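One letter stands for each residue in the lines below.
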Amino acid sequence: MSSVAQSSSWTSFLKSIASFNGDLSSLTAPPFILSPTSLSEYSQYWGEHPNLLIEPNFLAQSEKATRDETDAMALKRIIAVTKWFISTLRSQYCSRNESMGSEKKPLNPFLGEVFLGKWEDPEGAEGKIGETILLSEQVSHHPPVTAYGIHNAKNGVTLQGYNGIRSSISTTSINVKQYGHAILEYKNLEESYLITLPPLHIEGLISASPFVELEGSSYIQASNGYFAVIEYSGRGWVTGKKNTFKARIFRDAMSSARKENAVITVSGQWSGKSYIGNGSSTPSSKDELFYDAQSSEPQHLVVKPIAEQHELESRKAWSKVAEAIKKADYDLISEEKSLIENKQRELRKTEAASGDKWQTRWFDLVDYSDSSVEPDAFLNLTNISNLSIRNAPSGSLKNSKYDEGEAKHWRINIEKWKAEKEIKI
Ligand code: HCR
């Protein structure tokens, strides 16, 4: 066992995990496990392959297409959306390991914290893709919830969503259920996709080298009917390789009840190579390459220099804490963190005294249990996929044990962004 794993700070961190209350952000972790990055920045991982995000827009059927041709193009598009989704996973779940040597505890965003930037037209795209922007906002602090919108005006493509987590502890790992979903809309195609978020667990705690492994399933429901089920597993299951997945695409959600009904199957590692084949048999490296995460480097978001940022912008707000983390100066970390936390406490007190609740900046909470809510992509896609509209763990089905309670979801309000005067990309 490494000396770090045996150190008293790590042992007491493990003890605090064993007795924690479900809120990972409240754990006091040793400096070497702290990330200088706020969780509000994680929204950027959805957009680091703009070319793949936009690709379905270039797969429209011709106006004179027969029914079969129309159907073939719809299938091509859900395959392209699945490829884009798989391409996001390496950044979402491996990037801290790759850049900092292990999974890290991110900074816990404060209410109203924002993170924004743009992806420029990718190299070699010659203006075909154009600029893609990201708006991310911390819409709740307790529990932490981050909402985001990613928009490419040139191609009429918008991805929006939000995420929160609930955690529990088992003997060797931290188990995390994700709450929230993403909605991907292609305006020119008049097509939308609902994407659910997979559960995960954090392994490697005993050896002080935590890493994320995905588990269970996530779903992609297309408005054209096609439905993808992506199953995740780690080392020791089927291939015995880490970060393994199998994606099956079905004609519709109903036919996904039998795996043999799959029209396309993709199999491999989301952090490495995956292969694609027709039908339900599992493709292998002898089949067509689907995606190679290692040979497709992420395109990083362009963010304004800190000096030009607003005080609510993540990197500016956390800059002193981030510097202290980089220096591993524990006293300075807690001093700088306390300044932010105390300011937030004061703000909440003032709001409570005046009765003025904090107003979110670019996102609205839509209550789908309210019958006056206009039918939208979310209601249509949950209807055809039989997915719950409630605030249940992502991917819960209607009439399952989780399908109860409120149905409030965060949605971007583009008018608010257009009226934004203080914060610029
Ligand atoms: C669980 C996690 C915070 C949440 C992170 C989420 C779920 C956030 C939304 C992104 O779209 C996807 C995503 C990726 C991350 O893998 C996941 C984080 C992994 C660890 C972190 C914990 C709060 C850290 C706990 C401390 C550990 C290192 C012991």
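These numbers come from a predicted model, not from an experiment.

Peer 1: Would you mind going over the overall build of the protein with me for this structure?
Peer 2: Along its length, the protein carries nine helices and 18 strands. For 425 residues, the compact-globule estimate of 2.2 N^0.38 gives 22 Å, and the protein sits close to it at 22 Å. Seen through its C-alpha atoms, the protein measures out along the principal axes to roughly 65 × 55 × 50 Å. Per-residue burial for the protein yields a buried fraction of 52% across its 425 residues. Counting only contacts in the protein whose residues sit at least 6 apart along the sequence, the fraction spanning at least 24 positions is 57%. Taken together, the 48 basic and 53 acidic charged side chains of the protein have centroids lying 3 Å from each other.

Peer 1: Even after reading the chapter, I still don't get the domain arrangement of the protein, so can you show me in this structure?
Peer 2: Assigned domains of the protein: these are domain 1 (3-208 + 216-227) and domain 2 (318-354). Counting from both sides, the interface comprises 13 residues of domain 1 and, opposite them, 12 residues of domain 2. Of the roughly 1,000 Å² buried where domain 1 meets domain 2, counting both sides, 75% is carbon and sulfur surface. Run the count over domain 1 and domain 2 and you get two residue pairs in polar contact (both at pLDDT 80 or more). The dominant element in the side of domain 1 that touches domain 2, judged by the number of residues it contributes, is strand 1 (residues 34-38), at four residues. The residue makeup of the side of domain 1 that touches domain 2, split by class, is eight nonpolar, four polar and one charged.

Peer 1: Even after reading the chapter, I still don't get the packing of helix 6 (residues 319-326) against helix 7 (residues 330-354), so can you show me in this structure?
Peer 2: The axes of two packed helices give the description: the angle between them and the distance between them. At a closest axis distance of 8 Å, the pairing of helix 6 and helix 7 adopts a crossing angle of 165 degrees. For the element pair helix 6 / helix 7, the angle class is roughly antiparallel. Of the two possible hands of crossing, helix 6 and helix 7 adopt the one that is left-handed. Contacts from K320, V321, A324 and I325 of helix 6 reach helix 7 at L332, I333, E336, K337 and I340.

Peer 1: What is the right way to look at empty space enclosed by the protein in this model?
Peer 2: Any empty space left between atoms is shown by rolling a water-sized probe over those atoms. Scanning the entire structure with this criterion turns up one cavity of 30 Å³ or more. As a volume, the largest cavity reaches approximately 40 Å³. Considering the residues around the largest cavity, the lining is formed by I133, L135, G149, I150, H151, T158, I412 and I414. Those elements that provide at least two residues to the lining of the largest cavity are strand 4 (132-140) and strand 5 (145-152).

Peer 1: Would you mind going over the site of the ligand with me for this structure?
Peer 2: Contacts to the ligand come from 16 residues, most closely from Q92, Y93, R96, N163 and Q178. One of the side-chain N or O atoms of R96 is found 2.9 Å from an oxygen atom in the ligand. Computed on the free molecule, the ligand has an accessible area of 610 Å², of which 97% lies beneath the protein chains in the complex. Mapping the ligand onto the cavity grids shows that it belongs to the largest pocket. Mapped onto the shell around the ligand, the elements with two or more residues apiece are helix 4 (67-100) and strand 6 (157-169). For the shell around the ligand, the element with the highest residue contribution is helix 4, accounting for three residues. Each residue belonging to the shell around the ligand can be placed in one class, and the counts come to nine nonpolar, three polar and four charged.

Peer 1: Teacher, can you tell me more about the layout of surface pockets here?
Peer 2: The volume enclosed by the largest pocket comes to roughly 910 Å³. Along the walls of the largest pocket sit 46 residues, with L24, L39, Y42, P106 and I165 positioned nearest its centre. The element contributing the most residues to the lining of the largest pocket is strand 6, with six residues. Here the residues of the lining of the largest pocket sort into 28 nonpolar, 12 polar and six charged.

Peer 1: Even after reading the chapter, I still don't get helix 2 (residues 8-18), so can you show me in this structure?
Peer 2: Think of an α-helix as turning once every 3.6 residues; residues three or four places apart then point the same way. Listed in full, the buried residues belonging to helix 2 are W10, F13 and I17. Across the axial projection of helix 2, the buried residues extend over an arc of 55 degrees, all falling on one side. Seen from the open side of helix 2, the exposed residues pointing more than 90 degrees away from its buried face are S8, K15 and A18. Structurally, helix 2 contributes buried residues whose contacts are with helix 1 (3-6), strand 6 and strand 7 (174-186).

Peer 1: Mind showing me how you'd approach the environment of Y219 here?
Peer 2: Here Y219 is to be found in strand 11 (residues 217-222). Sequence spacing of Y219 and E231 is 12 residues, and the spatial spacing of their C-alpha atoms is 8.9 Å. Filtering out sequence-adjacent residues up to four positions away, Y219 remains in contact with L194, I195, T196, F227, A228, V229, L387 and G395.

Peer 1: In this structure, what is going on with the confidence of the model for the protein? I would like to understand it.
Peer 2: Any segment with low pLDDT has predicted coordinates that should not be analysed in fine detail. Scored by pLDDT, the protein has a mean of 95; 99% of the residues are at 70 or more. Confidence scores differ between elements of the protein, with helix 1 showing the lowest mean pLDDT of 76 and strand 8 (residues 191-196) the highest of 99. In the predicted complex, the global pTM is 0.97; the interface-specific ipTM is 0.98.

Peer 1: How should the nonpolar core be read in this particular structure?
Peer 2: Note that soluble globular proteins tend to have their nonpolar side chains buried in a common cluster. The biggest cluster of nonpolar side chains holds 90 residues, and the ones touching the most others in it are W84, F85 and L184. For this core, the leading source of residues is helix 4, giving 11 residues. Lining this core are residues from two domains, each supplying at least three of them: domain 1 (3-208 + 216-227) and domain 2 (318-354). Setting aside residues up to four positions removed in sequence, W84 forms contacts with W46, H49, L52, L53, L159, L184 and I195. In this structure, A253, L387, I389 and A407 belong to the second largest nonpolar core, which totals 15 residues.

Peer 1: Help me out: how do you make sense of the pairing of strand 12 (residues 227-233) in this one?
Peer 2: On a regular strand, each side chain points to the face opposite its neighbour's, so the side chains alternate between the two faces of the sheet. The buried fraction of strand 12 is high, at six of seven residues. As judged from the five bridges shared by strand 11 and strand 12, these two strands associate in the antiparallel manner. Bridging from a neighbouring strand, Q221 pairs with F227 of strand 12. Hairpin remark: strand 11 followed by strand 12, antiparallel, with four residues in the connecting loop; positive phi at G225, about 110 degrees.

Reading the values: rules and limits
- Residues numbered from 1 in each chain as written.
- Predicted model: local features only at pLDDT ≥ 70, side-chain atom pairs only at ≥ 80, totals over all residues.
- Heavy atoms only, no water.
- Helix = DSSP H or I, 4+ residues; strand = E, 2+ residues; numbered from the N terminus.
- Rg over C-alpha atoms; globule rule 2.2 N^0.38 Å.
- Buried < 20%, exposed > 50% of the residue type's maximum accessible area, 1.4 Å probe, protein only.
- Contact = heavy atoms within 4.5 Å.
- Lys, Arg positive; Asp, Glu negative; His and termini not counted.
- Charge placed at Lys NZ, Arg CZ, Asp CG, Glu CD.
- Domains from an automatic or database assignment.
- Buried area = accessible area lost by both parts, 1.4 Å probe.
- Polar contact = N/O pair within 3.5 Å; in protein donor to acceptor, adjacent residues only side chain to side chain.
- Nonpolar A, V, L, I, M, F, W, Y, C, P; charged D, E, K, R; others polar.
- Axes fitted to C-alpha atoms, helices over the stretch in contact; angles between N-to-C directions.
- Parallel < 35°, antiparallel > 145°, perpendicular 65-115°, else oblique.
- Left-handed = near helix turned anticlockwise from the far one by under 90°.
- 1 Å grid on protein atoms, 1.4 Å probe; cavity = no way out; pocket = protein on both sides within 12 Å on 5 of 7 lines; lining within 4 Å.
- Points joined across faces, edges and corners; volume = space filled by probe spheres on them.
- Near = heavy atom within 4 Å.
- Areas by Shrake-Rupley, 256 points an atom, 1.4 Å probe, with all protein chains shown as cover.
- Sits in = over half its atoms within 2 Å of the grid points.
- Arc of directions from axis to C-beta.
- pLDDT = per-residue confidence, 0-100.
- Core = buried A, V, L, I, M, F, W, Y, C linked by side-chain atoms within 4.5 Å.
- Pairing = 2+ DSSP bridges.

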